[in-house]
Amino acid sequence: MNALTEIKTRFADALASIIEPDHASADLLSMIKATSDGKFGDYQANFAMPLAKKLGKPPRDVAASIVEKVQLDDICQKVEIAGPGFINLTLDDAWVKSRLANAVSNDRLGVPKVGQARKFVVDYSSPNVAKPMHVGHIRSTVIGDALARVLKFVGHDVITDNHLGDWGTQFGMIIYGYKHFMGSDLADSEPYKFLREAYYKQFPIGTLGRLYKLVRQLMDYHSAVREIEAVDKKLMELKQALQVLEEKKPTGVKADDKQLKKLINAARSRVEAQRQLGEGLIKKIAVVDANSELKALADAHPDINRAVLLETAALHEGDQENRKLWNEFLPHCREDIQRIYQRLGVTFDYELGESFFHDMLGEVADEFEAKGFARTSDGALCVFMDQYETPMIIRKQDGAFLYATTDLATIKYRLNEWQADAILYVVDHRQHQHFEKVFDAVKLWGYDEAELVHVSFGTVLGDDGKPFKTRSGDTVNLETLLDEAETRAIAIAKEANPDLETQQQENIGRVVGIGGLKYADLSQHRASDYKFSYEKMLAMKGNTATYLQYSYARVQGILRRMETDLDELRSSAGPLVFEEDVERTLAVKLVRFGESLDEVLVEYKPNLLCNYLFELTQTFFQFYDQCSVKDASSDDVRNSRLKLCDLTARTIEKGLGLLGIGVLQQM
Ligand code: ARG
């Protein structure tokens, strides 16, 4: 067991004699944390204050009575009450050394497996195929992969499932495009050569991707033409409303204007948002208007939006030709994304995809209806839940099923077939409402045992603080992003290692480039948006993969120079020595590796592992500055220091590995 868990268990015992063991005691125990400053010991318990409030007693007295009861003699050398009632705990050196010795000699670095393994399904990446993966997919892919790896390592049963969007409107779009545009006159024109049969044969996925884009452009054009008037009208109204407010505004700002100022600001943002919406539409119209070939195509397909929906519906209903085309397209789409997963080193146990569940949807809807959880409203089958203003539609008026219906069927499948105890959905924050509703509907349905979690995340932003786009305003292609990260890292690797062979330089560049990209994402609090920057993510200093990889390679260099026999070192019974304080500090950090993994899993936050690895590495360099390995005062001290070096390297390697990031022997 790791120190924190052990300490919590001991405090739980102590608390049991002071308060009723209710929920509050779990809350109280969660207030025991590792300290960031050695002044306060290694761990600090802050719960005496809230507990004192509850008991109506002075906090220091409460702290004293807990300290009197808690049995920590074998783990802590010091238990002190400080300030208003903090309990500061200092681990016993002998205990730290025994944990450290265990980690040094152990393949798992001393991290125990969980007592009770649970079955987790992790649903991540899950792109809508038929269109190229873009920057938005990086987050789900790397966060999901890291969580799956950590869960597995601590001993849970994990099934990873890539819930591919392989059944949506995007297929209606390429089917429509294929039927109407392939081999058409347009194919004679150079920019549209992808519409030539021969081109398709040679580059199927290139054709499908562009076909998707072309149909998207035409659909957007027609929607924009239809909407622009209403959008303009609304903009006028909002502007007028703003003007009315502004006219009310007295000159000079007084305190009681606050409310008005707030209203004015809100109205201004509404005007701005509406203006941007209009601008976006105008751009979409202008692009097509400016291109005579496109314009002619748009004019020839005025009903394309509806037609695409009909193609999608026909596909779902089993139309032979559409199924045939879908069966032809899908393998290309899958192949295309596999290339990216391969470069990212990401694999899945299953890739069932939405299409897999299609035949189960009718049954789901029927069951909801039969059990009275859903009823028809305006022809659509809806699940009404008191806590939501709008119902969740599970079957449309025309009989089509929805994204939510598929998720319900998927959950049923995962619970019944895989016996999942928990399902994690690593999906961006905009789908928050969707998952809330689906999860609540599932409870209604009676599957209330499993833990369903939306592991949500924010947006990747560009320099301007807006969602990361290319200069021309398109979404950033994921493959281009990987290429760029690798190219930059290879250039750096060549400069740093001019003597290495090209192949080695390129290998370094790939590990650093992809690692940097992943880490830049994983090291952010997942709920926040973050600004994408190649420079920052490949920086040698700071909380980056490059810094950790470089540190790992440095330690390997030290071990090589000392001609250390690692197997012998790890199995040697020689003592661990804390000659300097920093050796102890590093040792305590090292034995906390398992705790950092527990922390990751509390709220599914990989950035906590990044923080841990960064702090560990910083502590290592303090140690390395102050403690010579070569000129140590004795063989015992030297060996002890070598063990600290080796374990640091192994912890960085394992930690990065759990984040899906590789290390290098030399950089
Ligand atoms: N394909 C969806 C999208 O791109 C994400 C799917 C997430 N997983 C799920 N079970 N809904 O938005």
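The structure presented is a predicted model; accordingly, all values stated were derived computationally and were not measured.

1. Thoughts on the side chain of T406
For step 1, the next point in the chain: One can find T406 in helix α15 (residues 403-418).
For step 2, the next point in the chain: For T406, a relative accessible area of 7% puts it in the buried group.
For step 3, the next point in the chain: Ignoring sequence-local partners within four residues, the contact set of T406 consists of H163, E354, F357 and L361.

2. A word on the site of the ligand
For step 1, the next point in the chain: Every residue near the ligand is listed here: D123, S126, N128, H163, Y403, D407, Y425, V427, Q431 and F435.
For step 2, the next point in the chain: The backbone of S126 places a nitrogen or oxygen atom 2.9 Å from a nitrogen atom of the ligand.
For step 3, the next point in the chain: A distance of 2.8 Å separates a nitrogen atom of the ligand from a polar side-chain atom of Y403.
For step 4, the next point in the chain: Grouping the amino acids of the shell around the ligand by side-chain chemistry returns four nonpolar, four polar and two charged.

3. Structural notes on the packing of helix α9 (residues 204-248) against helix α11 (residues 292-300)
For step 1, the next point in the chain: Between α9 and α11, the least distance of the axes is 10 Å, while the angle of their chain directions is 70 degrees. One way to sum up the angle between α9 and α11 is to call them roughly perpendicular. In the packing of α9 onto α11, the handedness of the crossing is right-handed. Here L214, Q217, L218, Y221 and H222 of α9 lie close against α11, whose contacting residues are L294, K295, L297 and A298.
For step 2, the next point in the chain: Residue composition of the contact of α9 with α11, by class: six nonpolar, two polar and one charged.

4. Some remarks on the pattern of salt bridges
Proximity of charged atoms lets side chains of opposite charge pair with each other.
For step 1, the next point in the chain: Counted according to the given criterion, the structure contains 42 salt bridges.
For step 2, the next point in the chain: Between R584 and D93 there is a salt bridge whose closest N-O contact spans 2.7 Å. Of this pair, R584 sits in helix α22 (residues 581-591) while D93 sits in helix α5 (residues 93-104), placing them 491 residues apart in sequence.
For step 3, the next point in the chain: Since its relative accessible area comes to 15%, R584 is described here as buried.
For step 4, the next point in the chain: We classify D93 as partly exposed; its relative accessible area is 25%.

5. Considerations on the nonpolar core
For step 1, the next point in the chain: With 170 residues, the main nonpolar core has F11, L91, F171, L195, L609 and L659 as its most contacted residues.
For step 2, the next point in the chain: Once residues lying within four places of it in the same chain are set aside, the contact partners of F11 are L29, I32, A45, F47, I66, V70, L72, I87 and L89.
For step 3, the next point in the chain: Grouped together as the second largest cluster of nonpolar side chains are 34 residues, L361, L381, M385 and A420 included.

Calculation notes
- Residues numbered from 1 in each chain as written.
- Predicted model: local features only at pLDDT ≥ 70, side-chain atom pairs only at ≥ 80, totals over all residues.
- Heavy atoms only, no water.
- Helix = DSSP H or I, 4+ residues; strand = E, 2+ residues; numbered from the N terminus.
- Buried < 20%, exposed > 50% of the residue type's maximum accessible area, 1.4 Å probe, protein only.
- Contact = heavy atoms within 4.5 Å.
- Near = heavy atom within 4 Å.
- Polar contact = N/O pair within 3.5 Å; in protein donor to acceptor, adjacent residues only side chain to side chain.
- Nonpolar A, V, L, I, M, F, W, Y, C, P; charged D, E, K, R; others polar.
- Axes fitted to C-alpha atoms, helices over the stretch in contact; angles between N-to-C directions.
- Parallel < 35°, antiparallel > 145°, perpendicular 65-115°, else oblique.
- Left-handed = near helix turned anticlockwise from the far one by under 90°.
- Salt bridge = Lys/Arg side-chain N within 4 Å of Asp/Glu carboxyl O.
- Core = buried A, V, L, I, M, F, W, Y, C linked by side-chain atoms within 4.5 Å.

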